[in-house]
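# Observations on the model geometry
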Amino acid sequence: MLQRIRTAPPRYWLVVVVVLFFAGFPTVISSFQAGQWALALILAIAIMGLNILVGYSGQLSLGHGAFMAFGAYASAILAHRYKMDYLVTIPIAGLLTGMVGFLFGVPALRLSALYLALATFALAVVMPSLIKRPVGLTGGVQGISLPPVVVPQLAKDGFTMLTGSAMTSDQWVYYVTFAYALVLFWLAWNLVRHRAGRAMRAIRDGEVAAAASGINISGYKTLAFGISALYAGIAGSLLGLATGYISPDTFPVSLSIQLLVGAVVGGLASIPGPLLGGIFAYFLPIESNQWVPTQTWIPSQIVATVVKAGPAVTYGVVLILLMIFAPNGIVGLATAGYNRLRRRLRGAADRESGHMPPDPQTV
Amino acid sequence: MQEFLQQIVSGIASGGIFASLALALVLIYNAMGLVNFAQGEMAMLATFIAFTLVDHGVSYWIAFPVTLVVAFAGGILVQRIVIRPVERAPILTLVIVTLGLATLVNGVAGFIFGYVPRSFPSPFSAQTVNLLGAFVSYRDLGVIGVSTVVLLLIYLLLQRTTIGLTMRAAAHHPEASRLLGVHVSWMLALGWGLASAVGAVSGIMVYAFAAAVLGGIESPLGAVVGGLIVGVTVNLAGAYIPFVGGDLQLAVALAIIIAVLVIKPNGLFGRPSVRRV
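Every value quoted in this text rests on a predicted model; they were computed, and no experiment measured them.

Attention now goes to the interface of chain B and chain A. Taken together, the contact between chain B and chain A spans 38 residues of the former and 36 residues of the latter. Broken down by secondary-structure element, the contributors of at least two residues to the side of chain B that touches chain A are α4 (91-113), α9 (205-215) and α11 (249-263) of chain B. Looking at the side of chain B that touches chain A, the element that brings in the most residues is α4(B), giving 16 residues. When its residues are assigned to classes, the side of chain B that touches chain A shows 30 nonpolar, seven polar and one charged.

Attention now goes to the environment of A:Leu238. Residue and element names in this part refer to chain A. Position of Leu238 among the secondary structure elements: in helix α12 (residues 217-243). For Leu238, a count of 29 C-beta atoms within 10 Å puts it in the buried group. Among residues more than four places away in sequence, those in contact with Leu238 are Ile42, Ile90, Thr177 and Tyr180.

Residues and elements named next belong to chain B. Among the residues making up helix α6 (residues 162-172), those that are buried are Met167, Ala170 and Ala171. Across the axial projection of α6, the buried residues extend over an arc of 95°, all falling on one side. Away from the buried face of α6 by more than 90 degrees, exposed residues Thr162 and His172 are located.

On to the nonpolar core. One finds A:Ile45, A:Ala122, B:Ala253 and B:Ile257 to be the most contacted residues of the largest nonpolar core, which totals 187 residues. Top contributing element to this core by residue count: helix α3 (residues 31-56) of chain A, with 18 residues.

At a minimum axis distance of 11 Å, the contact between helix α13 (residues 253-266) of chain A and α4(B) shows a crossing angle of 125°. In this view, α13(A) runs oblique relative to α4(B), as classed from their interaxial angle. The element α13(A) and its partner α4(B) pack so that their crossing is left-handed. Residues A:Ile257, A:Leu260 and A:Val264 of α13(A) lie in contact with α4(B), whose contacting residues are B:Ile96, B:Leu99 and B:Thr103. The class makeup of the residues in the contact of α13(A) with α4(B) is five nonpolar, one polar and no charged.

Rules of the game
Residues numbered from 1 in each chain as written. Chains lettered and ligands numbered in written order. Predicted model: local features only at pLDDT ≥ 70, side-chain atom pairs only at ≥ 80, totals over all residues. Contact = placed C-beta atoms within 7 Å. Helix = DSSP H or I, 4+ residues; strand = E, 2+ residues; numbered from the N terminus. Nonpolar A, V, L, I, M, F, W, Y, C, P; charged D, E, K, R; others polar. Buried ≥ 20, exposed ≤ 12 C-beta atoms within 10 Å, placed from the backbone. Arc of directions from axis to C-beta. Core = buried A, V, L, I, M, F, W, Y, C linked by C-beta atoms within 7 Å. Axes fitted to C-alpha atoms, helices over the stretch in contact; angles between N-to-C directions. Parallel < 35°, antiparallel > 145°, perpendicular 65-115°, else oblique. Left-handed = near helix turned anticlockwise from the far one by under 90°.

Fair warning: the whole summary comes from geometry, so function is off the table for now.
See below:
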């Protein structure tokens, strides 16, 4: 055990540091900020789902907001109408959404990337009006208000014992989200390193070759859709917990776009990518508003317009620039930088010791 | 019966609009095998330009061609600046870039023109005329007329002129066309310009997708027929199926998309695609 810890590669230490950071820092920031970070983590979970679908299995979805909506409404209806404990409904909502995603994956099998993008995009566009229709079930335009979050006594006591302060409901929501994020990221990490993940990547990189190697193409493609929807469903359900109120307008088309932006910005087909992407996708619209100058001589009307248009413009520009200059996102940039640094360091060490690295071209 | 006829006629009117946007999608698809997700936004921006011109007292019949020229130039500009660097990238990259473009154009339009919806003055009067027992407004007739003319011109350009032939060749066989002296990159840019000029005639995205998919995404004729079918179907469903009503017409379009994809993925006029292994 000790031996394993001593020889662990540096990225494992990075994981430990990141996990400890996310576990500890809500105790030092305000309760409101903890709530914000919970929302960022929720986006990260949904983006992880999208990443499994787009990054690893190579199927494009522009409609993951619709799956989030499904998960959120599944939870809300179970909690509101059937008086279930909201925490219990979260995994149920995830599984239900996963099944719906699996079913949606079946017709999706027939489609090439482009058609799939169209079909899922249409799904995202239609979802809000579909939700509005069964008023008795979904509350129509009004949406569903959820009962206020109650922090369990055990969590309260434990938190007080560790930090000496009382736990707010925002902090509780944060830790619930954090726990889900931890488990789901760990599962995703295992998934992509093992049989199913390898099969998905093989399909992404060459469907014909994968089929020739005996991989069940349609099975793994629909499986990817199902798993991906499960992640989105849990994220949607957690979103309901965090905001306490959901309506059709909580899940506009732009949410789906936001998820895709996050996935791309963080870096597709990587495990840390969705975390960075979630943070980016949540905080960019908020922060970009604060860059707007608020001098009094600027008419408030103009400021208001800039505030409203700012996030969309920033999103668009960032998305286009990234696709042109860094198609592998932040993680891709970081990996490339790290590799270059390591090569340079190793080169310097080799020169000092007089040892020449083998020329890769002659090997 | 008269009510039914009425619904069909107004269905055809909106179908004409869907058809021209679907045609824009098809043109882009033929010009570079890509669906432009920013088409709707670019059309909106063009509409706002036309609106501003008309608002400043320019006659509609001058504003209209001016807007088309601006949209055409805008389409070419966008292709040269944004699309060209990723021309050879995988389809995922291209789709994401056009999505980024959609968000960007939407934001810019909101920034310049604000978020308040405005009503667009129509050059045709809202008066109705009795046609075969159904009442049709001159406005609808005008829309259908303009769409028909535009569609016809585009069709002639692509199928009957040298430049149309070169454009199609550049899209289908870039290497061979380049060897034969076709300026492939500019032909693609031209396709973009053309598509955004056609898209400028109208608006509304999902219906256009439905129309293009129904007709077969490679077929200009299919886009037109698909547009009309979608227009009529959506209108009839809205009027006669109580569950659908006014606000679930979009869902009908989605149902059409999914049904076509499951039952006949190549659409009504598309050829089955053959893949070389």
